[in-house]
Amino acid sequence: MALNDEELRYKNVINTLKGLPKVNAPRNFETELMRRINSETFKEKQSFWERLFLPSRLIPSAALAVSAVVLFFILNNSNDSEDPLLMEPKIHEDAISADVIGEDDILVIYLPVNYNVQGERSEEVGYSNIAEFNNERTDTPLREGDANLYFPNNYYLINKEGLNFRQVNLTKEEQQRLIELKEHFRKLLEQQK
Amino acid sequence: MTDKNLNDLSDEELIIEFQQNNTIKAFEILVQRYKNPLTNYVFRFIGDYEACLDIVQETMIKVYRYKDSYSSIAKFSTWIYTIAGNLARTEYQRRKRKKTFSIDAYGKEKDETYDLPDESYRPDVMTDSGIKDKIIQDALQKVSKAYREVVILRDIQDLSYEEISEITGLNIGTVKSRINRGRAQLREMLKDIYKE
């Protein structure tokens, strides 16, 4: 090979490098290579998606998903039984309106849970009307001023079982109206007698 | 196709035979042809025989696995040298990082200085040709990486400038320039040998 000017300049270096002994591969190079190619560790690299959907990866994932679904349903059902101390009372209320007092006056009485709407008295319900109420005392303790509370015939009182009611704070106007109603009922009862 | 016929084929014909018919014998002939040139090239670049063998094996495995990525417009030799060169460069960088880290760690942990062993030329052992070869190899290792690769390809592997240009992806002018700079560095490092 003809040397150019640059190669002549570095002739000694080039000769030194060319004089270096050749380093060869060992005799078992091919055997070792084919062993590596055929070995278990040398596998065709699978793509990310192929590796993702391998059964060995899918089974734990599927088990986890099933467990999550089961847990969800279990926990969801257990929510039905709320802590009785924390849950608000269910209010079963039937509103009965009547214009017994005046044109615009509406009386609302909250009835016991087991009250029969059609007027048929169930065994559990205490009283069908005021007359019975007068004959038989309620177990509900009377508060001061309850003596003045009278009810017309068409209305029913709340008995012991009917403690499931809503307590309402009345405004002054409503309290005034209630007093008027009481007075009105009292008059009506007196007229009946 | 018989073994004898396969041996008569060029590198490019063999790789095409391997691509099209998956003829393992064709691959084995290519391995036979290139295992020693590649071992020499990678060893001169890395300076570690065990690491060099790993790289050459990895190169062959890549040829086996990615045979379809070879394009017949390129020479097979430049393709396989490119693969080996890339792997060798990666290994060289990995070793360089590891070496730097271990030296730093040593100094910090022991709170003392660490002197690199002096591997400079010793005239008293110059008579031994094996040691002389080692000195040349050590000097080669000290040449800048970019220059070393092209010097090895040119002056040890006897490849043409065009082939080196294809392998490294550099233009021929840059290849020539780098080769000469590498040679200049080597001459400076080996000046004691040349005085004799």
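Residues numbered from 1 in each chain as written. Chains lettered and ligands numbered in written order. Predicted model: local features only at pLDDT ≥ 70, side-chain atom pairs only at ≥ 80, totals over all residues.

## Thoughts on the overall build of chain A
Summing up its helical and strand segments, chain A has 7 helices and 0 strands in all. When the helices and strands of chain A are placed in sequence order, the string is α-α-α-α-α-α-α. The burial tally for chain A puts 8% of its 193 residues in the buried class. Contacts spanning at least 24 positions in sequence make up 54% of the contacts within chain A whose residues lie at least 6 apart. (Helix = DSSP H or I, 4+ residues; strand = E, 2+ residues; numbered from the N terminus. Buried ≥ 20, exposed ≤ 12 C-beta atoms within 10 Å, placed from the backbone. Contact = placed C-beta atoms within 7 Å.)

## A closer look at helix α2 (residues 11-21) of chain B
Residues and elements named next belong to chain B. Every buried residue belonging to α2 is among L14, I15, E17 and F18, and all of these are buried. Projected down its long axis, α2 shows its buried positions confined to an angular sector of 155°, all on one face. After α2 finishes, the residue N22 shows a positive phi value of roughly 55°. (Arc of directions from axis to C-beta.)

## Here's the deal with helix α9 (residues 172-189) of chain B
End to end, α9(B) covers 26 Å across 18 residues, agreeing with the expected 26 Å (1.5 Å per residue, within 8%). In this fold, the buried residues of α9(B) make contact with α2 (11-18) of chain A together with α6 (129-142), α7 (145-156) and α8 (161-168) of chain B. (Expected span 1.5 Å × (residues − 1).)

## Brief notes about the packing of α8(B) against α9(B)
Residue and element names in this part refer to chain B. Where α8 contacts α9, the two axes come as close as 9 Å, and the packing angle between them is 100°. Considering their axes alone, α8 and α9 lie roughly perpendicular with respect to each other. For the pair α8 and α9, the contacting residues are Y161, E162, I164, S165 and T168 in the first and I172, V175 and K176 in the second. Each residue belonging to the contact of α8 with α9 can be placed in one class, and the counts come to 4 nonpolar, 2 polar and 2 charged. (Axes fitted to C-alpha atoms, helices over the stretch in contact; angles between N-to-C directions. Parallel < 35°, antiparallel > 145°, perpendicular 65-115°, else oblique. Nonpolar A, V, L, I, M, F, W, Y, C, P; charged D, E, K, R; others polar.)

## Considering the interface of chain A and chain B
Across the boundary between the two partners, chain A contributes 21 residues, which contact 23 residues of chain B. Among the elements of the structure, α2 and α3 (29-38) of chain A are those that each provide at least two residues to the side of chain A that touches chain B. Classifying every residue of the side of chain A that touches chain B gives 12 nonpolar, 3 polar and 6 charged.

## What about the packing of α7(B) against α8(B)?
All names here are of chain B. Put simply, α7 and α8 touch, their axes get as near as 10 Å, and they point 145° apart. Remark: the crossing between α7 and α8 carries right-handed chirality. Every residue of α8 that contacts α7 at E149, V150, L153 and R154 is listed here: I164, I167 and T168. Taken together, the residues that form the contact of α7 with α8 break down as 4 nonpolar, 1 polar and 2 charged. (Left-handed = near helix turned anticlockwise from the far one by under 90°.)

## Comments concerning the nonpolar core
Residues and elements named next belong to chain B. One finds L30, V42, V56, I80, A84 and A88 to be the most contacted residues of the largest nonpolar core, which totals 51 residues. When residues in this core are grouped by element, the largest group, 12 residues, is from helix α3 (residues 24-46). Counting contributing residues per domain, this core is built from domain 1 (1-116) and domain 2 (119-196), each supplying no fewer than three. With residues up to four places along the chain from it excluded, the contact list for I80 reads Y34, L38, T59 and V63. (Core = buried A, V, L, I, M, F, W, Y, C linked by C-beta atoms within 7 Å. Domains from an automatic or database assignment.)

## Re the environment of B:R89
By the element assignment, B:R89 lies in helix α5 (residues 76-110). Along the chain, B:R89 and B:V42 lie 47 residues apart, while their C-alpha atoms are 9.4 Å from each other.

## Observations concerning the confidence of the model for chain A
All names here are of chain A. Per-chain confidence: chain A averages 68 in pLDDT, with 48% of residues scoring 70 or above. Below a pLDDT of 50 lies the segment residues 94-103, which in the model reaches 14 contacts outside its immediate sequence neighbourhood of four places, other chains included. Below a pLDDT of 50 lies the segment residues 112-129, which in the model reaches 33 contacts outside its immediate sequence neighbourhood of four places, other chains included. (pLDDT = per-residue confidence, 0-100.)

## Brief notes about the confidence of the model for chain B
Residues and elements named next belong to chain B. Here chain B averages 83 in pLDDT, and 82% of its residues register 70 or above. pLDDT under 50 marks residues 103-127. Its contacts with residues more than four places away, or in other chains, come to 10 contacts. Here the prediction assigns the complex a pTM of 0.55, and the interface score ipTM is 0.77.

## With respect to unusual backbone geometry
All names here are of chain B. The phi dihedral of N22 falls on the positive side, at around 55°, and the residue is not glycine. Relative to the elements of secondary structure, N22 occurs in the loop between α2 and α3. Residue N22 is classed as exposed on the basis of its 10 C-beta neighbours within 10 Å. Even without glycine at this site, D158 takes up a positive phi of about 60°. In this fold, D158 is placed in the loop between α7 and α8. Overall, the presence of 11 C-beta atoms within 10 Å leaves D158 in the exposed class.

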